[in-house]
Amino acid sequence: MRILIAEDDPAIAAAISDALRRGGHAVDHVASGAQADAALSDGAHDLLVLDLGLPALDGSEVLQRLRQRGSGLPVLVITAREDLHERVRVLDLGADDYLVKPFALAEFEARLRALQRRATGKGTSEVCIGRLRLDLPGRRAWIGGEPLELTAREFGVIEALASRPDRITHRDQLVEALCGWDQELTYNGLDIAIHRLRRKLQGSGANVRTVRGLGYLLEESAGG
Ligand code: CA
């Protein structure tokens, strides 16, 4: 997933960014509400982690504007404001969940996984194609019950494709899903990841098909 973190406390931002990157996610960070509002307008992110007490524009205002634009982006609010009234207001504005600071990283990560599962509209975020089984929030994969070792980038590719079943994903969309602003992925790097992924998927009944001039499709392969 590509995740936007809007948090003006550098220590908290660094801790959660590191945890998410270790989990194989692409992470972008902004430290003001105005920057968050601008970053969200291009729709490139899959999830928002939003601090309420932000300079330039309050977090609740960022959330309100996002929902007014009709976006259903999953939002996890992190807040130092403990009062019940504020938490109720934030949920009513359209936050999907909230955590009160200080929180344990393990709980933060568990809440994100739960959000991701809910965002797919199912109780679990398991995707099965042929004998390939993917646990998207847990970032694990199996072929016929055998664990499949994938690098963070390979998992990112398959996650981006599996999140758009039966739809073609353009190369630019893949690069966008895999990279934060401060990271680079060339088309060549993407091609290498897809090449390796295809080799690992051999015999799984799932395949990454190239649709010439358009992009890629994760689909069940006829040959098994
Ligand atoms: Ca703050």
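**A short note on the side chain of Asp-28**
Part 1 of the argument: Among the secondary structure elements, Asp-28 is positioned in strand S2 (residues 26-30).
Part 2 of the argument: A distance of 2.7 Å separates polar atoms of two side chains, one belonging to Asp-28 and the other to His-45.
Part 3 of the argument: If sequence neighbours within four positions are ignored, Asp-28 has contacts with Arg-2, Ile-3, Leu-4, Ile-5, His-45, Gly-180 and Trp-181.

**Some points on the sheet that holds strand S8 (residues 140-143)**
Two strands in a sheet stick together by hydrogen bonds in their backbones, pointing the same way (parallel) or opposite ways (antiparallel).
Part 1 of the argument: Reading across from one edge, S6-S7-S8-S9 is the order of the four strands in this open sheet, with antiparallel pairing throughout. Two strands bound the open sheet, and with one partner strand each, they are strand S6 (126-129) and strand S9 (146-147).
Part 2 of the argument: Here S6 pairs with strand S7 (residues 132-135) via four bridges, running antiparallel. Within the sheet, the bridge partner assigned to Ile-129 lies in S7 and is Leu-132.

**As for the pattern of salt bridges**
Part 1 of the argument: According to the stated counting rule, one finds 16 salt bridges in the structure shown.
Part 2 of the argument: The salt bridge involving Glu-7 is made with Lys-101; its shortest N-O contact spans 2.9 Å. Note that Glu-7 is positioned in the loop between strand S1 (2-6) and helix H1 (10-22) and Lys-101 in the loop between strand S5 (97-100) and helix H5 (105-119), a separation of 94 residues in sequence. In terms of burial, Glu-7 and Lys-101 fall into one category: buried.
Part 3 of the argument: Where Glu-154 meets Lys-200, a salt bridge forms, and the shortest distance between an N and an O atom there is 2.7 Å. A residue pair is termed long-range when its members are at least 10 positions apart, and Glu-154 in helix H6 (residues 152-162) and Lys-200 in helix H8 (residues 187-201) qualify at 46 residues.
Part 4 of the argument: A residue is classified by how much of its surface remains accessible, and Glu-154, at 4% relative accessible area, is buried.
Part 5 of the argument: A residue is classified by how much of its surface remains accessible, and Lys-200, at 29% relative accessible area, is partly exposed.

**Some words on the domain arrangement of the protein chain**
Part 1 of the argument: Looking at the protein chain, the domain boundaries give domain 1 (2-120) and domain 2 (126-220).
Part 2 of the argument: In this complex, domain 1 contributes 17 residues to the contact, which on the side of domain 2 involves 14 residues.
Part 3 of the argument: The junction of domain 1 with domain 2 conceals about 1100 Å² of combined surface from both sides, 52% of it contributed by carbon and sulfur atoms.
Part 4 of the argument: At the surface where domain 1 touches domain 2, the tally comes to zero salt bridges.
Part 5 of the argument: Taken together, domain 1 and domain 2 are joined by five residue pairs in polar contact (both at pLDDT 80 or more).
Part 6 of the argument: Mapped by element, the contributors of at least two residues to the side of domain 1 that touches domain 2 are S1, S2 and H5.
Part 7 of the argument: Considering every element that reaches the side of domain 1 that touches domain 2, the biggest residue donor is S2, with five residues.
Part 8 of the argument: In terms of residue class, the side of domain 1 that touches domain 2 is made up of six nonpolar, six polar and five charged.

**Quick look at the pairing of S2**
Along any regular strand, the residues point their side chains to alternate faces of the sheet.
Part 1 of the argument: Along S2, four of the five residues are buried, which leaves the element largely enclosed by surrounding structure.
Part 2 of the argument: As paired strands, S1 and S2 are joined by five bridges and run parallel to one another. If you follow Leu-4 over to S2, its bridge partner there is Asp-28.
Part 3 of the argument: For the crossover that starts at S1, traverses H1 and ends in the parallel S2, the hand is right-handed.

Quick notes on the rules
- Residues numbered from 1 in each chain as written.
- Predicted model: local features only at pLDDT ≥ 70, side-chain atom pairs only at ≥ 80, totals over all residues.
- Heavy atoms only, no water.
- Helix = DSSP H or I, 4+ residues; strand = E, 2+ residues; numbered from the N terminus.
- Polar contact = N/O pair within 3.5 Å; in protein donor to acceptor, adjacent residues only side chain to side chain.
- Contact = heavy atoms within 4.5 Å.
- Pairing = 2+ DSSP bridges.
- Salt bridge = Lys/Arg side-chain N within 4 Å of Asp/Glu carboxyl O.
- Buried < 20%, exposed > 50% of the residue type's maximum accessible area, 1.4 Å probe, protein only.
- Domains from an automatic or database assignment.
- Buried area = accessible area lost by both parts, 1.4 Å probe.
- Nonpolar A, V, L, I, M, F, W, Y, C, P; charged D, E, K, R; others polar.
- Right-handed = clockwise from strand over helix to strand, strands pointing away.

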